[in-house]
Amino acid sequence: MSWGTELWDQYDNLAIHTSKGIEFLDKYANFIRDRLAIETEYAAKLRRLAKNYQPKKKEEDDNEFTSHQAFRNVLKEINDLAGQREVVAESLQLQIIQGITLLSKTLREERKKCLSNGTYLQQNLSSQLSALERAKRNYEKAYRDSEKAVDNYKKADMDLNLSRAEVERYKNIMTAKIQQSDDAKNEYANQLQKTNNLQQQHYNELLPEVFNRLQELDEKRTRGIREFIIGAADVESSVAPIIARCLEGMVKAGESINEKEDSYKVIERYQSGFTPPTDIPFEDLSKQDPESSQESHYNNVQSSHLTVKGTISANRIKKRVGIFNIFGSNKQQKIIEACITLKNSLTADGQKEDFSDLPPNQRRKKLQAKIAELQQKIAQETAARDGLMKMKVVYEANSSLGNPMTVEGQLNESEHKLEKLKIDLKKYQGYLERANQIPMASNSPQANRNNLHNGHRVSRHSNGSTEDNNEDGDDQPDDGGSLSSSSASPESGLGTSHTSLPGSGQGSAHDNAMGEDAYYETEMELLQPLGTCRALYPFEATSEGSIPMNEGEVLQVIEIDQGDGWTRVRRLNNTNGWDEGFVPTSYIECTLYA
């Protein structure tokens, strides 16, 4: 089917139709531009989303969990997905938008030429039709004039009154008019033939050619739209396999989550290594005097609320009295050096160098990891040193290859690094050995919760002796050398951290043993350790209530410094059980349990 034959008389409608077709092509181009903008915005928002949910530096410790690892993998896949949307946007811009723009420009130019040619043909035909119309009017006028001239000649010829000259004049006029009529007739016939020929050529050849070109343009536009729609779908299809792999990666990330493994890692992270508290012994109140029963009941109520940090407040009624002028000015330098040592013992993340601020189990794991790291560095540095030594031997054997002295400096530096690493390794191995020597149960906040012997509580007197509060009055062995209050010793202020009976006075140990109305203190129980400490300097006990310690010795902290410069500590004594006393706070490095 051809427009030139079927639509020979629809020139105006074809012009309008082709114009609307090109406008529709431009409309599709705007649609692709809007989609391109959406794809670009979607890709940018996906990337921003993945960036906003990237793990923060403070959350790095949680990256060991499978759920966190899976989420990080999902964020990577989201980034890849955003990249594919960017590829789609770029392909739409290069392949579709530019193609539509070029096609639209070409169609407009060709349509303009076709319409200009069609307009020229229409004008040419119209001019010929006008010429034919003029020739026809001239012929009609000449024919009427000739007929009139013939009638006038006939009348004149029959009129006997007219002279022969007059008749001849009418005859000449008639002959002229007839000649003019014949000429007009011939001109009209020529114009008619010319018009018919032009009209036939116009509608059979010239105008159909223009219409056919418009038809080709319109078909080209329609074909272009088809190709662009398929091309846009192909752009999407080209990234579909990669997007499918991204989705598969997300599925694999989800399937990699192992709840049991995460639970085990929680245990590994937070396991302190402490043992659970033992059963609370039964106290037979019938075998104790009323006063002792009341005290025991009070102490049991108090001890049931003890925690690691609550040991201090639960056993203290009033604050310790400060101890002044214990050290002279010659001790200030040691105090400053202790502060510097404490600062230098902290790592970059604020933890102690020996990780003594962690629970035992976590401390051992940190130390083991540090030792493994140092061993790996030593192996690497040893390999580097061996390589430098071989290079030096080669240079010494053949000086043309290089100067041995150039390797000497690197070799010395490597030896220095290796020696430092070995020193650090030995230091951390010592930390680990000391950490392994600390009893697990001794660090438990409730391991020694109730220090009772067959339901009878042992009371501590100011002279360090013990008293069994049972009815038989049998002596019980010393439970650890706990200190009680004395106004002239460091524990004079600290003694009030144990429960004292209201209204009691301050008397001698003998008065307390006789049960007189005097001040005495009872140990609620063996105080739970608040943490550990390491002696920075040796200390000789010169005052009552203090205990000596050696440099590097590890002790248990049972009561922190209350502002007087003394800390109450405890050590395990194989002969007497436990030794308790006070040491200068500036002489130790404390690590409290969380």
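One can find the structure itself at the top, above this paragraph.
My aim in this report is to walk through the structure given alongside it, one point at a time. Because the structure is predicted, anything quoted here is derived from the model rather than measured.

Thresholds, definitions, all that
Residues numbered from 1 in each chain as written. Predicted model: local features only at pLDDT ≥ 70, side-chain atom pairs only at ≥ 80, totals over all residues. Heavy atoms only, no water. Pairing = 2+ DSSP bridges. Helix = DSSP H or I, 4+ residues; strand = E, 2+ residues; numbered from the N terminus. Axes fitted to C-alpha atoms, helices over the stretch in contact; angles between N-to-C directions. Salt bridge = Lys/Arg side-chain N within 4 Å of Asp/Glu carboxyl O. Buried < 20%, exposed > 50% of the residue type's maximum accessible area, 1.4 Å probe, protein only. Parallel < 35°, antiparallel > 145°, perpendicular 65-115°, else oblique. Left-handed = near helix turned anticlockwise from the far one by under 90°. Nonpolar A, V, L, I, M, F, W, Y, C, P; charged D, E, K, R; others polar.

### Thoughts on the sheet that holds strand β4 (residues 531–535)
And then number 1: If you trace the five strands from one edge of the open sheet to the other, you get β7-β6-β5-β4-β8, paired in antiparallel fashion. Sheet topology places β7 (577–584) and β8 (588–592) at the edges, where each strand pairs with a single neighbour. On average, each strand axis in the sheet is inclined to that of its neighbour by 35°, with strand direction left out of account.

### Digging into the pattern of salt bridges
Two side chains of opposite charge can pair, provided their charged atoms sit close to one another.
And then number 1: Taken as a whole, this structure holds 23 salt bridges when the rule is applied.
And then number 2: For Arg137, the salt bridge goes to Glu133, with nearest N and O atoms at 3.9 Å. A residue pair is termed a helical-turn pair when its members lie 3 or 4 positions apart in one helix, as Arg137 and Glu133 do in helix α3 (residues 66–158) at four residues.
And then number 3: Of the residues examined, Glu133 reaches a relative accessible area of 39% and is grouped as partly exposed.

### Observations regarding the pairing of strand β6 (residues 566–573)
And then number 1: Counting buried residues in β6 gives seven out of eight residues, a clear majority hidden from the surface.
And then number 2: Pairing between strand β5 (residues 554–559) and β6: three bridges, direction antiparallel. Paired with Val557 across the bridge in β6 is Val569.
And then number 3: Joining the antiparallel neighbours β5 and β6 is a turn of six residues, in which Gly563 adopts a positive phi near 105°.

### Some details on the packing of helix α9 (residues 360–397) against helix α10 (residues 404–437)
Helix-helix packing is characterised by the crossing angle of the two axes and by the distance between the axes.
And then number 1: Relative orientation of the contacting elements α9 and α10 amounts to 160°, with a least axis distance of 8 Å. Considering the angle they form, α9 stands roughly antiparallel to α10. Helix-helix and strand crossings are classified by hand; for α9 and α10 the assignment is left-handed.
And then number 2: A breakdown of the residues in the contact of α9 with α10 according to their chemical character gives 18 nonpolar, eight polar and 13 charged.

### Topic: the pairing of β7
And then number 1: Taken across its eight residues, β7 has six buried, putting it largely inside the fold.
And then number 2: As paired elements, β6 and β7 share eight bridges and run antiparallel to each other. Residue pairing in the sheet places Leu572 in a bridge with Trp578 of β7.

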